[in-house]
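Secondary and tertiary structure notes
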Amino acid sequence: MVKRKSYRERYFEDNQPVRQVANTRKGYRIVYQYVGLWTAWRSEKWTLKTVKWFFALAELAGVCLYLICARVDTPLNHCQLANGFGVLSVVPWILELSGVVRFLLSKAYAKEMDSREIDQSIRYGAVLRAGLLGLSLLCGVVNTLVNGTATLLDGGMALGILASIALSVAVWQVYRSLLLDTYHNENGEPGSPC
């Protein structure tokens, strides 16, 4: 049976203790230097700055659409199953938002472990959120059609939810199109490509 490494063990396997001269009682201090691989995102179509702006605007628009659609008092929002899936979609959204924020704040080069975490957060978060919002919309629409309570406002809300789903899928597609280059580590800095 293989023992899984903890987050701390995985973090420190890419860091090496180095002695530095310091004005302490021992005359040195231990500093951990990163020795793992470096990664950098690039796109063949857009600049990385453009991709970051797109992600920021798409997430902001998605949050606004979600909040507006959740606040409107329509028969579509009276379906408990639709509300349940809508509330559940917040969990992967937080995962997606954490990955997007880390991606937005990343420098030109990122540690391999950080880029892997960002990748998983954005990919899984966006797909799960789109799926749960889709289930929420489907349950709400079926409920209003079965009960005969559908209104024009429900149609507008359905379009808003569809737009939020489309934004999540767009974030996932754009992130999926990014290329990830790997670089060797040379004294704690990115060096030659792998």
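This text follows the structure it describes.
Here the structure is a predicted model, which is why all the values come from computation and not from measurement.

**Thoughts on the packing of helix α2 (residues 48-71) against helix α6 (residues 152-177)**
Remark: α2 packs on α6, axes separated minimally by 9 Å, with the N-to-C direction vectors making an angle of 155°. Taken as axis vectors, α2 and α6 run roughly antiparallel relative to one another. In terms of crossing hand, the pair formed by α2 and α6 is left-handed. Facing V51, F54, F55, A58, E59, A61, G62, L65 and C69 of α2, the residues of α6 in contact are M157, G160, I161, A163, S164, L167, A170, V171, V174 and Y175. Among the residues forming the contact of α2 with α6, the class breakdown is 15 nonpolar, three polar and one charged.

**Things to note about the layout of surface pockets**
The volume enclosed by the largest pocket comes to roughly 240 Å³. Lining of the largest pocket is provided by 14 residues; of these, Y66, A70, N77, G86 and S136 occupy positions nearest its centre. Looking at the lining of the largest pocket, the elements with two or more residues in it are α2, α3 (80-88), α5 (112-147) and α6.

**So, the sheet that holds strand β5 (residues 179-186)**
Sheet architecture is open: four strands sit in the order β4-β3-β5-β6, paired in antiparallel fashion. Looking at which strands have only one partner, the edges of the open sheet turn out to be β4 (110-111) and β6 (189-193).

**Examining the pairing of β6**
In this sheet, β6 lies alongside β5 in antiparallel orientation, the contact comprising three bridges. Each bridged residue has a counterpart across the sheet, and for Y183 the counterpart in β6 is P193. Between β5 and β6, which pair antiparallel in sequence order, lie two residues; one of them, N187, sits at a positive phi of approximately 55°.

**Section: the packing of helix α4 (residues 90-105) against α5**
Two numbers describe how α4 lies on α5: the axes approach to 7 Å, and their chain directions differ by 145°. Handedness of the α4/α5 crossing: left-handed. Contacts between α4 and α5 involve P92, W93, L95, E96, S98, G99, V100, R102 and F103 from the former and D114, E117, I118, S121, I122, Y124, G125, A126, L128, R129 and L132 from the latter. When grouped by side-chain class, the residues that make up the contact of α4 with α5 number 11 nonpolar, four polar and five charged.

**Focus: the environment of L37**
When you line up the elements, L37 lands in the loop between β2 (28-34) and β3 (38-42). Judged by its relative accessible area of 28%, L37 falls in the partly exposed class. Through-space distance from the C-alpha of L37 to that of Q16 is 13 Å; in sequence the pair is 21 residues apart. Beyond its immediate stretch of four places on either side in the chain, L37 contacts A110, K111, E112, T182, Y183, H184 and C194.

**Thoughts on α5**
Look at α5: 52 Å from first C-alpha to last across 36 residues, which is about the 52 Å you get at 1.5 Å a residue. Of the residues flanking the end of α5, it is G148, one or two places downstream, whose phi is positive at about 70°.

**A word on the side chain of D14**
Topologically, D14 is positioned in the loop between α1 (7-13) and β1 (15-21). Of the side chains with opposite charge, R116 comes closest to the buried, unpaired D14, at an N-O distance of 5.3 Å. The residues contacting D14, other than those within four sequence positions of it, are Q33, Y34, V35 and G36.

The rules behind these values
Residues numbered from 1 in each chain as written. Predicted model: local features only at pLDDT ≥ 70, side-chain atom pairs only at ≥ 80, totals over all residues. Heavy atoms only, no water. Axes fitted to C-alpha atoms, helices over the stretch in contact; angles between N-to-C directions. Helix = DSSP H or I, 4+ residues; strand = E, 2+ residues; numbered from the N terminus. Parallel < 35°, antiparallel > 145°, perpendicular 65-115°, else oblique. Left-handed = near helix turned anticlockwise from the far one by under 90°. Contact = heavy atoms within 4.5 Å. Nonpolar A, V, L, I, M, F, W, Y, C, P; charged D, E, K, R; others polar. 1 Å grid on protein atoms, 1.4 Å probe; cavity = no way out; pocket = protein on both sides within 12 Å on 5 of 7 lines; lining within 4 Å. Points joined across faces, edges and corners; volume = space filled by probe spheres on them. Pairing = 2+ DSSP bridges. Buried < 20%, exposed > 50% of the residue type's maximum accessible area, 1.4 Å probe, protein only. Expected span 1.5 Å × (residues − 1). Lys, Arg positive; Asp, Glu negative; His and termini not counted. Salt bridge = Lys/Arg side-chain N within 4 Å of Asp/Glu carboxyl O.

Note that every value here comes from positions in space, so none of it alone points to a role or purpose.
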